[in-house]
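Listed here are the chains, written in short residue letters.
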Amino acid sequence: MVAQPEKELRFTRSTQARQFAVLGAILIGIAVTLFATAILVFFGYEPPVALWSPLIPLLPAIALFCLSFHCAKHAYLILSPIGVEIFPFFKPSENFRMIPWPEIAFAEIKDNTLILHRDTGKTSGVIISLSPLDPARRQLLKKAIDGRMAEREKNG
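The paragraphs below set out a description of the structure included in this document. (Residues numbered from 1 in each chain as written. Predicted model: local features only at pLDDT ≥ 70, side-chain atom pairs only at ≥ 80, totals over all residues. Heavy atoms only, no water.)

### Digging into the overall build of the protein chain
Point 1. A tally of helices and strands in the protein chain yields four helices and seven strands.
Point 2. N-terminal to C-terminal, the α/β element order of the protein chain is β-α-α-β-β-α-β-β-β-β-α.
Point 3. Taken over the C-alpha trace, the protein chain has a radius of gyration of 22 Å; the compact-globule value for 156 residues is 15 Å, which it surpasses by more than 25%.
Point 4. Each principal axis of the C-alpha atoms in the protein chain carries an extent, and together these give about 80 × 30 × 25 Å.
Point 5. The 156 residues of the protein chain split such that 32% are buried.
Point 6. Counting contacts in the protein chain only where the partners sit at least 6 residues apart, residues at least 24 apart contribute 51% of the total.
Point 7. In the structure as shown, the protein chain presents an accessible area of about 9,800 Å², 64% of it carried by carbon and sulfur atoms. (Helix = DSSP H or I, 4+ residues; strand = E, 2+ residues; numbered from the N terminus. Rg over C-alpha atoms; globule rule 2.2 N^0.38 Å. Buried < 20%, exposed > 50% of the residue type's maximum accessible area, 1.4 Å probe, protein only. Contact = heavy atoms within 4.5 Å. Areas by Shrake-Rupley, 256 points an atom, 1.4 Å probe, with all protein chains shown as cover.)

### Some remarks on the sheet that holds strand S7 (residues 125-129)
Point 1. With antiparallel pairing, the three strands of this open sheet are ordered in space as S5-S6-S7. The open sheet has two edge strands, strand S5 (106-110) and S7, and neither has a second partner. Direction aside, the axes of adjacent strands within the sheet are offset by 15° on average.
Point 2. Note: S5 against strand S6 (residues 113-117), five bridges, orientation antiparallel. Looking across to S6, one finds that phenylalanine 106 is bridged to histidine 117. (Pairing = 2+ DSSP bridges. Axes fitted to C-alpha atoms, helices over the stretch in contact; angles between N-to-C directions.)

### Thoughts on the nonpolar core
Point 1. In this structure, Leu77 and Leu141 are the most contacted members of the largest nonpolar core, which totals 19 residues.
Point 2. Those residues within four positions of leucine 77 in sequence are excluded, and the remaining contacts are Leu9, Arg10, Phe11, Val84, Glu85, Ile86, Leu114, Ile128, Leu130, Leu133 and Leu141. (Core = buried A, V, L, I, M, F, W, Y, C linked by side-chain atoms within 4.5 Å.)

Pasting the structure below:
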């Protein structure tokens, strides 16, 4: 935990959250359509679907909305004064990985990936996909990483 959390930059899985929410909304629409079709029995028509059929898309929709909330709530990357914290999708608070700034010799962003090199020869390091981040947030991350690396070079 950082003593000054206002100096942290938190990046969530906003792109994934949006995709899960859209898929959940589509499934809600399908469930409503199935319910409207099943309710026709009260007007004397023989419905092509059973009354319980809206539950089929409704249950996955609820799961997708929960996943969307999880992605929006939990951080994916945190840039702090101490280093870079990487949080996995499952059990992020238990399985996160911290890479301190002194261990990072060089950092670059290429093709929607963040590469943190541990040595100047660029032979070892960590590769992090930036696909879960919103494209605008990727630019902010790039600016923050470049600024941090420039600050390190200036300070020696």
